[in-house]
Amino acid sequence: MILNRIDSVLAAREERTKAKNDTAYIAKPGQKWTIKLRGNVSGTALYAKGMMDDSRFRGELEAEMRSTLGTTVSYRGLSLGFSINPAKLSGRSQDNEFSLSSYGNRMGADLVYTSTKTLKGTAELGGNEHGIGAGMVDMKMIQANAYYVFSHSRFSFPAAFTQSQVQLRSKGSWLLGLSAFTGRIDTEAGMLPGISKARLQTVNVAIGGGYAYNFVIKRKWLLHLSAIPHVVVFSRNKLTAGDTRQHTPYRFPSLINVGRIAAVRNFKHSFIGLSAVINLWHHGDSDEMMIESLKWRARLFYGFRF
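Definitions and cut-offs
- Once a new chain begins, its residue numbering starts again from 1 and follows that chain's sequence as written.
- Totals for whole chains, interfaces and linings use all residues, but because this is a predicted model, local features are given only for residues with pLDDT of at least 70 and pairs of side-chain atoms are given and counted only at 80 or more.
- Based on all heavy atoms of the structure, the side-chain values leave hydrogens and waters out of the count.
- Salt bridge, as applied in this entry: a Lys or Arg side-chain nitrogen positioned within 4 Å of an Asp or Glu carboxyl oxygen.
- Only DSSP runs of H or I reaching four residues or more are called helices, and only runs of E reaching two or more are called strands; each is numbered from the N terminus.
- Burial classes follow relative accessibility: with a 1.4 Å probe on protein chains only, a residue under 20% of its type's maximum area counts as buried, one over 50% as exposed, and anything between as partly exposed.
- Residues count as neighbours in contact if any of their non-hydrogen atoms are within 4.5 Å of one another.
- Polar contact criterion, stated in full: a pair of N or O atoms within 3.5 Å, where within protein one must be able to donate a hydrogen and the other to accept it, and residues adjacent in sequence count only if both atoms are side-chain atoms.
- Here, nonpolar core refers to any group of buried Ala, Val, Leu, Ile, Met, Phe, Trp, Tyr and Cys residues whose side-chain atoms link them within 4.5 Å.
- Only strands joined by at least two bridges in the DSSP assignment are considered to pair.

Peer 1: For the pattern of salt bridges, give the residues involved together with the corresponding values.
Peer 2: Scanning all chains against the criterion turns up eight salt bridges. Between Glu 97 and Lys 295 there is a salt bridge, with the nearest N and O atoms lying 2.5 Å from each other. A residue pair is termed long-range when its members are at least 10 positions apart, and Glu 97 in strand E6 (residues 96-103) and Lys 295 in strand E18 (residues 289-305) qualify at 198 residues. Among the ionic contacts, a cluster of salt bridges with common partners joins Arg 58, Glu 60 and Glu 124.

Peer 1: Before we move on, can you summarise the environment of Gln 167 with the specific residues and values?
Peer 2: By secondary structure assignment, the location of Gln 167 is in strand E11 (residues 166-167). You can call Gln 167 buried: its relative accessible area is 5%. Not counting the four nearest positions on each side in its chain, Gln 167 is found in contact with Tyr 25, Ile 26, Arg 154, Phe 155, Ser 156, Ala 159, Asn 214, Val 216 and Leu 222. At a separation of 3.0 Å, a polar atom in the side chain of Gln 167 contacts the main-chain amide nitrogen of Ser 156.

Peer 1: Account for the nonpolar core, with residues named and values stated.
Peer 2: Grouped together as the largest cluster of nonpolar side chains are 24 residues, with contacts concentrated most on Leu 46, Leu 119, Val 137, Met 139 and Leu 192. Counting only elements with at least two residues in this core, the list comes to strand E2 (33-52), strand E3 (55-62), strand E8 (120-125), strand E10 (137-149), strand E12 (171-187), strand E13 (198-217) and strand E14 (221-241). Tallying contributions element by element places E10 first for this core, with three residues. Contact partners of Val 137, with chain neighbours within four places excluded, come to Leu 46, Leu 61, Thr 116, Lys 117, Leu 119, Ile 132, Ile 185, Asp 186, Thr 187 and Met 191. Core analysis: the second largest hydrophobic core is formed by 19 residues, Phe 161, Leu 175, Ala 212 and Phe 301 among them.

Peer 1: Account for the pairing of E18, naming residues and giving values.
Peer 2: Remember that side chains alternate between the two faces of the sheet whenever the strand is regular. Relative to E18, E2 runs antiparallel, the two being bridged by 17 bridges. By the bridge assignment, Ser 42 is partnered in E18 with Arg 297. Here strand E17 (residues 270-285) pairs with E18 via 16 bridges, running antiparallel. Considered in E18, the bridge of Ala 276 is made with Ala 298.

Peer 1: If you had to explain the side chain of Asn 237 to someone new, which residues and values would you point to?
Peer 2: As for its position among the elements, Asn 237 is in strand E14. In this structure Asn 237 comes out as buried when scored by relative accessible area, which is 18%. Of the polar contacts made by the side chain of Asn 237, one reaches the side chain of Thr 202; its length is 2.4 Å.

Structural data, given as structure tokens:
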């Protein structure tokens, strides 16, 4: 039967994975099935400073937080899940966000697309402060991050972020990272007095290295912390103000930083925990124009195995 064939393929994959791991440090759960309930919260912020029309400029904007509820069903590490956004279903949210992630022992990656029109905050121009309402700034961005783990036989990212494995002993590892950021920021005419509409388009690719550590307490608690600073090695930017294309300053190094944290409490047949991923993109020169984009995603989860 097809189901038996799928089961045998997944069982063989588990055996291959087990053979590659040091079983004194990494183990597979004893149960085949896992059901996980999760609540997600994410936020986006945009910061800028520099010179605009021969005047000093500074702006701080934040988008509405986005919340979703979801569940995941896994069998031998093969997962299927879905999530809903209550605010989106009721028509109260104007923002869209889609994310994909894959966490492996050796390599992993995540991809996030964000489209937000709810950025609002304050801006200071020439010493005068102005309020910026939602709808004046439209931001679309795609962020992709990938990592390579050097101590992949003893250190487990999945133990912290997917719970498809269990970290038995504390272990850290050096990481290699690759990150990309591309996006478009549109501002409406009149956002600030005398300022025409503008559009910034940017593409950045960065490479970096960092460190991760899984701290295990009595084989029940797992605390994870990792950081990968990246240096932008390729950057292409286009700034259009009104109908005029302007110079976009670039000062080496521009940076993309990726941080991850997690805390998991394991029980005999269940687990509970939280995790977060933080992305910070820093570009430009504050003497002319500097832009920072902060994207964060946090998750609270509970799961049980059988």
